[in-house]
Amino acid sequence: MRKRILRTIEKNRSEVWGILFRRYPAFVWSDRAEPPSVPPVFVFHEVRRPVVEALLRFLAENAYTTLTADEYVERVGQGGRGWGREVVLTFDDGLRSLHDVVAPALKSFHLKAVAYVVTGRVPEEDRPGRLLCSWKEIREMHGSGAVDIQSHSVLHDSVAVSERVVDFVNPGSKLSFLDGDLAPVAEGVPRLEDRDELPLGTPIHDWGTRFGERRAFRESPSAVRACLEEVARGGGPEFFRQRGWRGRLTELVKEVRRSGGDARFETGEEQGAAILGEMSESKREIEARLPGKTVRHFCFPWSRGSRLAVRLSAEAGYVTNAWGSLLPGFAADGHTPIPVERLQDCYIWRLPGRGRRSLKEVLRRRWSENRQDRYANR
């Protein structure tokens, strides 16, 4: 419960800050504001049909035009003058609702959107139970012209950033990047299905985004192997019914390290190569899968990054970096790549037009929907 509360506070901190200190565009907090001169950008993740259709209907009925990522860059280059009713709709992760709900709605209202996909996690086929769009569906959306496909990295993964072990994979662990803010990912495993299913007993460290400032910590393979073997000897899932199992595994890791295990932090060169590799490979993959497509826009997973990652994204050929509702200080310092602030989708209702909702109503509904989602996921 405590972790859930802290995570909620962290996730909403920038949003609260933006409203209270009026860091958001004027149309969000002022009823007197004119349509913004620079096209605002909005971010969606999972969507429900009634919600997204209502938002798109509001935009269409008020004569708002939606832009691709390249068109947004053109407007920024022109200073945004004279483009008062243009917006950008972005969808992160490439979830199935993008194809099943969003794409048909965009077509119905003659609008378009930008979708940031995680290339290494996209399934080849439309298999049952999948959470993400398949490559077949991505090609279909790209071909329609309604969805501009761009990069959200290869794996949307996180790395250990400390030698401190905070837990071990157990039957109650949720490791998918879709289940939490950050989730550890196995190294050296090629496909999504395996990388999100770490063996029982695998040590979990303090972790952060692959694109952050902190270098990755690489646990001793001997320590990991010792933990896995201990769990196997204890009956696999049955091991975790025993009292004190965390303490036993923690002492085992310490013992192996003391005996000369090869745990270490990656070098600066390794960190840079890993970040650049993620950015470059995701770009190459999309362009190979979608003939004629040029990928120039990168969205940072969890809206977290670093000066190093920004610099390397330019080296990889990106012209924009998509972030969250407030830009990190280092991203706002320069304009290459162009940093893109993205408001939560609910603030579309604050755009000037018929059917506009008050800020109080927007926030009330947002809080209510968040509570419903939390209860539904328990």
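Note that this is a predicted model, so its numbers are computed, not measured. (Residues numbered from 1 in each chain as written. Predicted model: local features only at pLDDT ≥ 70, side-chain atom pairs only at ≥ 80, totals over all residues. Heavy atoms only, no water.)

Caption draft 1: How the structure looks around the pairing of strand β3 (residues 86-93). Counting buried positions along β3 yields eight of eight residues, so the element is predominantly enclosed. Note that strand β1 (residues 41-44) and β3 share four bridges and pair parallel. Note that in β3 the partner of V43 across the bridge is T90. Sheet topology note: the strand β2 (residues 65-66)/β3 ladder contains two bridges and is parallel. Within β3, the residue paired with T66 across the bridge is V87. (Buried < 20%, exposed > 50% of the residue type's maximum accessible area, 1.4 Å probe, protein only. Helix = DSSP H or I, 4+ residues; strand = E, 2+ residues; numbered from the N terminus. Pairing = 2+ DSSP bridges.)

Caption draft 2: Structural view of the packing of helix α3 (residues 49-61) against helix α5 (residues 96-109). It is at 10 Å that the axes of α3 and α5 come closest, and there the two elements cross at 25 degrees. As judged from the angle between their axes, α3 and α5 are roughly parallel. Once α3 is placed against α5, the crossing between them reads as right-handed. Contact with α3, carried on its side by R49, V52, E53, L56, R57 and A60, involves D100, V101, A105, L106 and F109 of α5 and no other residues of that element. Its residues assigned to classes, the contact of α3 with α5 comprises seven nonpolar, no polar and four charged. (Axes fitted to C-alpha atoms, helices over the stretch in contact; angles between N-to-C directions. Parallel < 35°, antiparallel > 145°, perpendicular 65-115°, else oblique. Left-handed = near helix turned anticlockwise from the far one by under 90°. Contact = heavy atoms within 4.5 Å. Nonpolar A, V, L, I, M, F, W, Y, C, P; charged D, E, K, R; others polar.)

Caption draft 3: Representation of the packing of aromatic side chains in the model. Tallied over the full model, the rule gives 13 aromatic pairs. Consider the rings of W323 and F330, whose centres lie 5.7 Å apart with planes at 75 degrees: the pair is edge-to-face. Grouped by ring-pair contacts, the aromatic residues F211, F298, F300, Y318, W323 and F330 constitute a single cluster. The ring of W349 has R357 sitting right over it, with the charged end atom 3.7 Å from the ring centre. (Phe/Tyr/Trp six-rings, centres within 6.5 Å; stacked < 30°, edge-to-face > 60°. Lys NZ or Arg CZ within 6 Å of the ring centre and 35° of its normal.)

Caption draft 4: Region of interest: helix α9 (residues 245-258). Taking 1.5 Å per residue as the helical rise, α9 with its 14 residues ought to reach 20 Å, and the 20 Å between its terminal C-alpha atoms agrees with that figure. Of all the residues in α9, the buried ones are W245, L249, L252, V253 and V256. Take α9 and look down its axis: the buried residues cluster within an arc of 100 degrees, on one side only. Those residues of α9 that are buried lie in contact with β6 (158-168), β7 (203-209) and α8 (221-233). Looking one or two residues beyond α9, the residue adopting positive phi is G260, at roughly 105 degrees. (Expected span 1.5 Å × (residues − 1). Arc of directions from axis to C-beta.)

Caption draft 5: A look at the nonpolar core. Ranked by size, the top nonpolar core spans 61 residues in total, and within it F42, L59, L89 and M279 carry the most contacts. Take this core: its biggest share by element is seven residues, from α5. When sequence neighbours within four positions are dropped, the list of residues in contact with L59 reads Y64, V87, L89, L111, I348 and L351. Listed in part, the twelve residues of the second largest apolar core include F168, C227, L252 and V253. (Core = buried A, V, L, I, M, F, W, Y, C linked by side-chain atoms within 4.5 Å.)

Caption draft 6: Looking closely at the side chain of E137. Position of E137 among the secondary structure elements: in helix α6 (residues 135-144). Its relative accessible area of 5% is what places E137 among the buried residues. Among the polar contacts made by the side chain of E137, one reaches the main-chain amide nitrogen of S134 at a distance of 3.1 Å. Those residues in contact with E137, other than ones at most four positions away along the chain, are H99, D100, D126 and R130. (Polar contact = N/O pair within 3.5 Å; in protein donor to acceptor, adjacent residues only side chain to side chain.)

Caption draft 7: Molecular detail of the environment of H156. Relative to the assigned elements, H156 resides in the loop between β5 (147-151) and β6. A relative accessible area of 4% places H156 in the buried class. Spatially, the C-alpha atoms of H156 and F300 are 8.4 Å apart, while their sequence positions differ by 144 residues. Sequence-distant contacts of H156, defined by excluding residues within four places in its chain, comprise D93, V118, R121, F177, E278, P301 and W302. Polar side-chain contacts of H156 include one of 3.3 Å to the side chain of H152.

Treat this as a map of the structure, not an account of what it does.
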